[in-house]
Amino acid sequence: MIKIKPDELKIIAQYIHDISGIYLDKGKSYLFETRLSTIAENLGCTSYQDLYHKAKRDASKKIERQIVDAISTNETLFFRDKGPFELLRHKILPEMIDLRTPSVPTLKTNVRIWSAASSTGQELYSIAIVIKELVKDVSKYNFNLLGTDISDNAVAQASYGKYNKFEIERGLDRTYLQRYFTLFGDSWKIKDDIRAMVNFRKFNLMQPITALGKFDIIFCRNVAIYFTLEDRKKLFNRLADSLADDGFLVIGSTESLTGVCPRFVPKRHLRSIFYQKK
């Protein structure tokens, strides 16, 4: 394994922050080495400075994508923390459906939901399952579910919707497994009716968000913890711009917007906290 030098650490950390928004401090040298050494060795690099220069010269951005895939944390599971999904089922979705139901019976109810750091898709598929459980005839509604992530590999797996035994057993109730997945070799694949509800695309949260349009519900959980305070402030201000005035924002259970974005006010339902704009 190629060892990283202190001066290289500073250069690589700044480069990763510039391309992804992820902030890694000087104490994370082990993380750089364990996640980037294979890329460096495969490219014939003898140092991380060499890797940096090759990435900067690569017009195809292939090396940059490999670095982002390696450094980004894709730790996720179905119905992670459970509380936000209970909140979605019993509070957020019923209220949003009521708010968006048109007075003309022939018109469909439109609800846009964004999983802003969807990783390999488990969060957005969990949201889709909650909708299917709550709304028996989904065809009567227009649910637009978008999942975005900075990692190409994560987006590819999410789009395919196939998970191995370990991934399935992390958080997914057996009833949901039988109802919404089909056995695919030694793995499980999401059924087509759930897959048809969602869309995944690559997106960097450090970029302008307005192009994605307005959303009624935004899940942005456990990603801003990897950003600097200044970047968190910018992100949640952009999320406020992209959230409907009566919309709902759900963040990680260990996160808080106190001192980050005064445009949001915290509210509590059951044992969970969500945010709405002032």
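Structural data are supplied above this passage.
Described in the following lines is the structure provided in the data block. (Residues numbered from 1 in each chain as written. Predicted model: local features only at pLDDT ≥ 70, side-chain atom pairs only at ≥ 80, totals over all residues. Heavy atoms only, no water.)

**Remarks on the side chain of S187**
Checked against the element boundaries, S187 lands in strand β5 (residues 187-190). When residues no more than four places from it in sequence are discounted, the contact partners of S187 are K162, Y163, N164 and T182. (Helix = DSSP H or I, 4+ residues; strand = E, 2+ residues; numbered from the N terminus. Contact = heavy atoms within 4.5 Å.)

**Examining the sheet that holds strand β3 (residues 162-164)**
If you walk across this open sheet you meet the three strands as β3-β5-β4, and the pairing is antiparallel. The sheet terminates laterally at β3 and β4 (181-184), the two strands that pair on one side only. Strand-to-strand, the axes of this sheet are offset by a mean angle of 35 degrees, without reference to chain direction. In terms of strand pairing, β3 meets β5 through three bridges, oriented antiparallel. Its bridge partner being in β5, N164 is matched across the sheet by S187. The strands touched by helix α7 (residues 152-160) within the sheet are β3, β4 and β5, with β3 carrying the most contacts at an inclination of about 100 degrees. (Pairing = 2+ DSSP bridges. Axes fitted to C-alpha atoms, helices over the stretch in contact; angles between N-to-C directions.)

**Brief notes about the layout of surface pockets**
For the largest pocket, the calculated volume is near 440 Å³. T73, A117, D149, N222 and V223 are, among the 24 residues lining the largest pocket, the residues nearest its centre. Taken together, the residues of the lining of the largest pocket sort by class into ten nonpolar, nine polar and five charged. Space inside the second largest pocket adds up to approximately 230 Å³. (1 Å grid on protein atoms, 1.4 Å probe; cavity = no way out; pocket = protein on both sides within 12 Å on 5 of 7 lines; lining within 4 Å. Points joined across faces, edges and corners; volume = space filled by probe spheres on them. Nonpolar A, V, L, I, M, F, W, Y, C, P; charged D, E, K, R; others polar.)

**Describing the pairing of strand β10 (residues 272-277)**
Burial within β10 is extensive, with five of its six residues counted as buried. Strand direction decides the pairing type here: strand β9 (residues 264-269) and β10, joined by six bridges, are antiparallel. Residue F264 lies in a different strand from β10, and its bridge partner there is K277. Between β9 and β10, which pair antiparallel and follow one another directly, the connecting turn spans two residues, one of which, L270, has a positive phi of 55 degrees. (Buried < 20%, exposed > 50% of the residue type's maximum accessible area, 1.4 Å probe, protein only.)

**Remarks on the packing of aromatic side chains**
Under the counting rule described, the total for this entry stands at 14 aromatic pairs. Seen from their ring centres, F78 and F181 are 5.6 Å apart, and the 90 degrees between their planes marks the pair as edge-to-face. With F78 in the loop between α4 (62-71) and α5 (83-100) and F181 in strand β4, this residue pair connects regions lying 103 residues apart in the sequence. Judged by relative accessible area, F78 falls into the buried class, the value being 0%. Ring-pair connections join several aromatic residues into one group, and the members of that group are F78, Y125, Y163, F181 and F200. Over the aromatic face of F215 sits the side chain of R112, whose NZ or CZ is 4.2 Å from the ring centroid. Sitting over the ring of Y160, K189 keeps its end group 4.5 Å from the ring centre. (Phe/Tyr/Trp six-rings, centres within 6.5 Å; stacked < 30°, edge-to-face > 60°. Lys NZ or Arg CZ within 6 Å of the ring centre and 35° of its normal.)

**Remarks on helix α1 (residues 6-20)**
For α1, spanning 15 residues, the distance from its first C-alpha to its last is 21 Å, which sits close to the expected 21 Å at 1.5 Å a residue. For α1, the full list of buried residues reads E8, L9, I12, A13, Y15, I16, I19 and S20. Each buried residue of α1 sits inside an arc of 165 degrees when the element is viewed along its axis, so together they form one side. Away from its buried face, by an angle of more than 90 degrees, α1 presents the exposed residues P6, K10 and D18. Check the buried side of α1 and you find it contacts α2 (29-42), α3 (48-57) and α4. With its phi angle positive at about 85 degrees, G21 sits one or two positions after the end of α1. (Expected span 1.5 Å × (residues − 1). Arc of directions from axis to C-beta.)

**Section: the packing of α1 against α3**
Their axes nearest at 9 Å, the elements α1 and α3 cross at an angle of 30 degrees. Compared by their axis directions, α1 and α3 come out roughly parallel. Here α1 and α3 pass one another in a crossing that is left-handed. Between α1, through D7, E8, I11, I12 and Y15, and α3, the contact on the second element is made entirely by Y48, Q49, Y52, A55 and K56. Within the contact of α1 with α3, the residues separate by chemical class into six nonpolar, one polar and three charged. (Parallel < 35°, antiparallel > 145°, perpendicular 65-115°, else oblique. Left-handed = near helix turned anticlockwise from the far one by under 90°.)

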